[in-house]
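Residues per chain are reported as follows:
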Amino acid sequence: MFCFTSESDINVKKDTMRSYSLDLSGGVENVPVLIENSIPKEAFSSFQYVPENVQGPGCDLDPSAVTLPGCPCGSRSCLPDSCPCLRFGQTYGSEGRLNQQQEDVGYSRPAFECNALCACSDSCQNRVVQNGVEVRLGVFSTKDRGLGVEALERLPCGRFVCEYAGEIIGPHEAHRRQLAQTPLDMNYIIAVQEHSGGERVTQTFVDPVAVGNVGRFINHSCQPNLLMVPIRVHSLLPRLALFANRDIERYEELTFDYAGGQNSSTHTLTWDKTPSGTRTGPDGDTIPLKKVCRCGASNCSGFLPLDLSILH
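Below is a short write-up of the structure. Computed from a predicted structure; not experimentally measured. (Residues numbered from 1 in each chain as written. Predicted model: local features only at pLDDT ≥ 70, side-chain atom pairs only at ≥ 80, totals over all residues. Heavy atoms only, no water.)

## A few points about the pattern of salt bridges
Then comes step 1: Evaluation of the coordinates by the stated rule reveals 14 salt bridges.
Then comes step 2: We note a salt bridge from Arg239 to Glu52, for which the minimum N-O separation is 3.3 Å. With a gap of 187 residues between them, Arg239 in strand β13 (residues 239–244) and Glu52 in the loop between β3 (48–49) and β4 (54–55) connect regions that are remote in the sequence.
Then comes step 3: On the basis of relative accessibility, which here comes to 10%, the residue Arg239 falls in the buried class.
Then comes step 4: For Arg177, the salt bridge identified is with Glu167, shortest N-O distance 3.0 Å. Here Glu167 lies in strand β8 (residues 166–169) and Arg177 lies in helix α1 (residues 171–179), a separation of 10 residues in the sequence. Glu167 shares its class with Arg177; the two are buried.
Then comes step 5: Several salt bridges share partner residues, and in doing so they unite Glu167, Glu173, Arg176, Arg177 and Asp207 into one network. (Salt bridge = Lys/Arg side-chain N within 4 Å of Asp/Glu carboxyl O. Helix = DSSP H or I, 4+ residues; strand = E, 2+ residues; numbered from the N terminus. Buried < 20%, exposed > 50% of the residue type's maximum accessible area, 1.4 Å probe, protein only.)

## Re empty space enclosed by the protein
Taking a probe equal in size to a water molecule and rolling it over the atoms shows the remaining empty space.
Then comes step 1: Applying the stated criterion across every chain, the model contains 3 cavities of 30 Å³ or more.
Then comes step 2: Considering only enclosed or pocket space, the second largest cavity measures out at about 70 Å³ in volume.
Then comes step 3: Together, Glu52, Asn53, Pro63, Ser64, Glu163, Ile168, His234, Ser235, Leu237, Pro238 and Arg239 line the second largest cavity.
Then comes step 4: Residue composition of the lining of the second largest cavity, grouped by class: 4 nonpolar, 4 polar and 3 charged. (1 Å grid on protein atoms, 1.4 Å probe; cavity = no way out; pocket = protein on both sides within 12 Å on 5 of 7 lines; lining within 4 Å. Points joined across faces, edges and corners; volume = space filled by probe spheres on them. Nonpolar A, V, L, I, M, F, W, Y, C, P; charged D, E, K, R; others polar.)

## Looking at the environment of Arg250
Then comes step 1: Within the element layout of this structure, Arg250 appears in the loop between β13 and β14 (255–256).
Then comes step 2: Overall, Arg250 belongs to the partly exposed group, its relative accessible area being 41%.
Then comes step 3: Within the structure, the side chain of Arg250 is placed 3.3 Å from the backbone oxygen of Leu152, a separation counted as a polar contact. (Polar contact = N/O pair within 3.5 Å; in protein donor to acceptor, adjacent residues only side chain to side chain.)

## What to know about α1
Then comes step 1: By the burial criterion, the buried members of α1 are Glu173, Ala174, Arg177 and Gln178. Down the axis of α1, the buried side of the element spans an arc of 130°, and every buried residue falls inside it. (Arc of directions from axis to C-beta.)

## Considerations on the packing of aromatic side chains
Then comes step 1: Taken as a whole and assessed by the stated rule, the structure comprises 8 aromatic pairs.
Then comes step 2: Both rings, one in Phe44 and one in Phe217, keep their centres 5.6 Å apart while their planes meet at 75°; by these two values the pair is edge-to-face. You can see Phe44 sitting in the loop between β2 (33–36) and β3 and its partner Phe217 sitting in the loop between β10 (201–212) and β11 (219–220), a full 173 residues away along the chain. Like Phe217, Phe44 is buried.
Then comes step 3: Following the ring pairs from residue to residue traces out a cluster consisting of Phe44, Phe47, Tyr49 and Phe217.
Then comes step 4: For Arg87, the ring lying beneath its charged end belongs to Phe112, and the centroid distance is 5.1 Å.
Then comes step 5: The ring of Tyr188 is capped by Arg216, whose NZ or CZ atom sits 4.2 Å from the centre of that ring. (Phe/Tyr/Trp six-rings, centres within 6.5 Å; stacked < 30°, edge-to-face > 60°. Lys NZ or Arg CZ within 6 Å of the ring centre and 35° of its normal.)

## A look at the environment of Tyr92
Then comes step 1: For Tyr92, the location among the structural elements is in the loop between β4 and β5 (137–141).
Then comes step 2: Here Tyr92 falls in the buried class, since its relative accessible area comes to 1%.
Then comes step 3: A C-alpha to C-alpha distance of 8.8 Å links Tyr92 and Arg127, two positions 35 residues apart in sequence.
Then comes step 4: The residues contacting Tyr92, other than those within four sequence positions of it, are Arg97, Leu98, Asn99, Glu113, Gln125, Asn126, Val128, Val129, Ile231 and Phe243. (Contact = heavy atoms within 4.5 Å.)

## Here we look at the sheet that holds strand β6 (residues 147–151)
Then comes step 1: Here we have 4 strands laid out as an open sheet, ordered β1-β2-β5-β6, and mixed in their pairing. The sheet is open, and its two borders are formed by β1 (20–23) and β6, each paired with just one other strand. Each neighbouring strand pair of the sheet contributes to a mean axis angle of 35°, computed without reference to strand direction.
Then comes step 2: As paired elements, β1 and β2 share 2 bridges and run antiparallel to each other. Across the sheet, the residue bridging to Asp23 is Leu34, located in β2. (Pairing = 2+ DSSP bridges. Axes fitted to C-alpha atoms, helices over the stretch in contact; angles between N-to-C directions.)

## Re the nonpolar core
Then comes step 1: Ranked by size, the top nonpolar core spans 36 residues in total, and within it Leu24, Leu137, Val139, Leu254 and Phe256 carry the most contacts.
Then comes step 2: At the level of elements, β2, β5, β6, β7 (160–163), β9 (190–195), β12 (226–231) and β13 are the ones that each hand at least two residues to this core.
Then comes step 3: Here this core takes 3 residues from β13, the largest share from any one element.
Then comes step 4: Beyond its immediate chain neighbours, meaning those up to four positions away, Leu254 contacts Leu137, Val149, Glu150, Ala151, Leu155, Val161, Ile218, Asn219, Asn225, Leu226 and Ile248. (Core = buried A, V, L, I, M, F, W, Y, C linked by side-chain atoms within 4.5 Å.)

## Description of the pairing of β8
Then comes step 1: In the sheet, β4 pairs with β8 via 2 bridges, with the strands oriented parallel. Residue pairing across strands places Gln55 opposite Ile168, the latter belonging to β8.
Then comes step 2: Relative to β10, β8 runs antiparallel, the two sharing 4 bridges. Considered in β10, the bridge of Glu167 is made with Asp207.

Okay, here's the thing in structure tokens:
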């Protein structure tokens, strides 16, 4: 995996230590997902925390169902030359860090983890995303971008941080939800488009606005320190895993590119970088397509990415 450092865009608040206490996950994660004490409890009153994807309207498959076959490997850890789960390559290194490489055509290889039906041990190095959050994270209040997430420990390049988990919904439901948004609503729906050979494209829509995990609170940046990789574990429905794309310092805010393109190992979204004009909401309101990006990166595009394919 290629890692990079951009010192000019690293913003670490070493002089201001935030105070944390409550666990946003309610104990369902391996480590508490802490909430900054200054954030009122009401901020999460309409939010249900789930550690992984759940089935939503329009999704025909149960994300928790085990539908992929298991490997026959009886070893402690699987090897790429003998394990069918690793037939596309070894996704992780010996320390569980992302080892995925881009192909010459710009797309990444499919990534499969060993699953519940596999004969290998629970400590197999090809089991990472399924183990859930194992790093200390804090949800805090930003200056001008609502809530955000910061690392409460140093994260080395390639480290798995968390999933972008929520309801997996169908395309018509994604279209309905986006049209129902008001001008003040933020859009959290991510549309993952994967090319699987020829002209075949698989779409997955994930919406964590009401049901989701800590990934829902990670902000966009045009120069992010996380990258998103679709990982398949128990079924063909991908889990949107976020990995550090460089060494991340303690108390540094975590960000990823909502368009899935910047420093990412996979092209996850089809989007219009500078959308313009307006659209009409369900009540006849005129809704602007542009939302200003406040990431502060030197290469900031000025606007948040918008997946226009959901609107069509």
